Amino acid sequence: MNDPINKTISVPLTPAEAFALFTDGIDKWWPGASHSVSAAKNKSPRKVGFDTHKGGKISEITDEGETEIWGTILAYDPGKYLAFTWHPGKSEDEATVVTVSFKATEAGTRCDLCHGGFDILGDLADAVSTSYLQGWDIVLGCFATTAKTPVHA
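All figures in this text were calculated on a predicted structure; none of them were measured in a lab.

1. Things to note about empty space enclosed by the protein
Here is step 1: Under the counting rule described, the total for this entry stands at one cavity of 30 Å³ or more.
Here is step 2: Taken as a whole, the largest cavity holds about 30 Å³ of empty space.
Here is step 3: Taken together, Phe 22, Ile 26, Trp 30, Phe 50, Phe 84, Trp 86 and Trp 136 make up the full set of residues lining the largest cavity.

Here you go:
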């Protein structure tokens, strides 16, 4: 199954708010205990970060203080569109590509995620892409749950 994975969720936020939560707020919603480089060592990351500019990095700070790069931001259009390479726990040579678009709806924002480029992984492409089918459901579920939680100042 080397076809791109497409996932869509809706959140009760404006596109600008949804985009900001997805990027600036990633440490609030990302399920690091189960979906991180640290999780492979039965640990949780200290922090997950998303640089807010093209060329920036998506990274994890481990409990030991080490930085693990998950990807590089290829496109960054606040409130509208993101594209980034994706290789948590792997080398940059094994990077796939994720895009996320944010579109206003009557109820908030529709977020469309597409994850492709699995062919770069050769014989592992099928297994890796299949694992992301469920993985993105879990991750986006955490994003949607956080987006629905009122923020109290």
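2. Description of the pattern of salt bridges
Here is step 1: Scanning the model with the defined rule gives four salt bridges in all.
Here is step 2: Close ionic contact of Lys 7 with Asp 137 constitutes a salt bridge, the shortest N to O distance being 2.9 Å. Taken together, the residues span a long stretch of sequence, with Lys 7 in strand S1 (residues 5-11) and Asp 137 in helix H3 (residues 125-148) at a distance of 130 residues.
Here is step 3: For Asp 137, a relative accessible area of 45% puts it in the partly exposed group.
Here is step 4: The salt bridge partner of Lys 43 is Glu 64, with a shortest N-O separation of 2.5 Å. With a gap of 21 residues between them, Lys 43 in the loop between helix H2 (26-29) and strand S2 (47-50) and Glu 64 in the loop between strand S3 (57-61) and strand S4 (67-77) connect regions that are remote in the sequence.
Here is step 5: Accessibility expressed as a relative area gives 34% for Lys 43, which makes it partly exposed.

3. Focus: the side chain of Thr 23
Here is step 1: As for its position among the elements, Thr 23 is in the loop between helix H1 (15-22) and H2.
Here is step 2: When sequence neighbours within four positions are dropped, the list of residues in contact with Thr 23 reads Phe 50, Tyr 76 and Leu 82.

4. Some thoughts on the pairing of S2
Here is step 1: Both S2 and S3 contribute to a ladder of four bridges, which runs antiparallel. Looking at S3, one finds that Gly 49 is bridged to Ser 59.

5. Some words on the pairing of S3
Here is step 1: What sits between S2 and S3 in their antiparallel hairpin is a turn of six residues, with Gly 55 showing a positive phi close to 90°.
Here is step 2: Pairing geometry for S3 and S4, over five bridges, is antiparallel. Note that in S4 the partner of Glu 60 across the bridge is Glu 68.

6. With respect to H3
Here is step 1: With 24 residues, H3 extends 34 Å from end C-alpha to end C-alpha; this agrees with the ideal 34 Å at 1.5 Å per step.
Here is step 2: The principal kink in H3, of about 30°, is found at Leu 133.
Here is step 3: Along H3, the positions that sit buried rather than exposed are Ala 125, Val 128, Ser 129, Gly 135, Trp 136, Val 139, Leu 140, Phe 143, Ala 144 and Ala 147.
Here is step 4: Elements in contact with the buried residues of H3: S1, H1, H2, strand S5 (81-86), strand S6 (96-105) and strand S7 (108-116).

The rules behind each value
- Note that residues are indexed from 1 along each chain, following the sequence as it is written.
- Predicted model: local features are reported for residues with pLDDT of at least 70 only, side-chain atom pairs are reported and counted for 80 or more only, and whole-chain, interface and lining totals are derived from all residues.
- Here the side-chain values reflect all heavy atoms present in the structure, with hydrogen atoms and water set aside.
- Points on a 1 Å grid, built from protein atoms alone, make a cavity when a 1.4 Å probe fits but cannot get out and make a pocket when they are open with protein on both sides within 12 Å along at least 5 of 7 lines; residues with an atom within 4 Å of a point are the lining residues.
- Grid points are joined across faces, edges and corners, and a volume is the space filled by probe spheres set on the points.
- By salt bridge we mean one thing: a side-chain nitrogen of Lys or Arg within 4 Å of a carboxyl oxygen of Asp or Glu.
- Put simply, DSSP H or I for four residues or longer makes a helix, DSSP E for two residues or longer makes a strand, and each gets a number counted from the N terminus.
- The buried label applies to any residue whose accessible area, calculated with a 1.4 Å probe on protein chains only, is under 20% of its type's maximum; exposed applies above 50%, and partly exposed to all values in between.
- Any two residues having at least one pair of non-hydrogen atoms within 4.5 Å are treated as being in contact.
- Here, a strand pair is defined by DSSP locating no fewer than two bridges between the strands.
- Between the first and last residue of a helix there are one fewer steps than residues, each counted as 1.5 Å, and that sum is the expected span.
- Here the bend at a residue means the angle between the axes of two seven-residue stretches, the one that ends at it and the one that starts at it.

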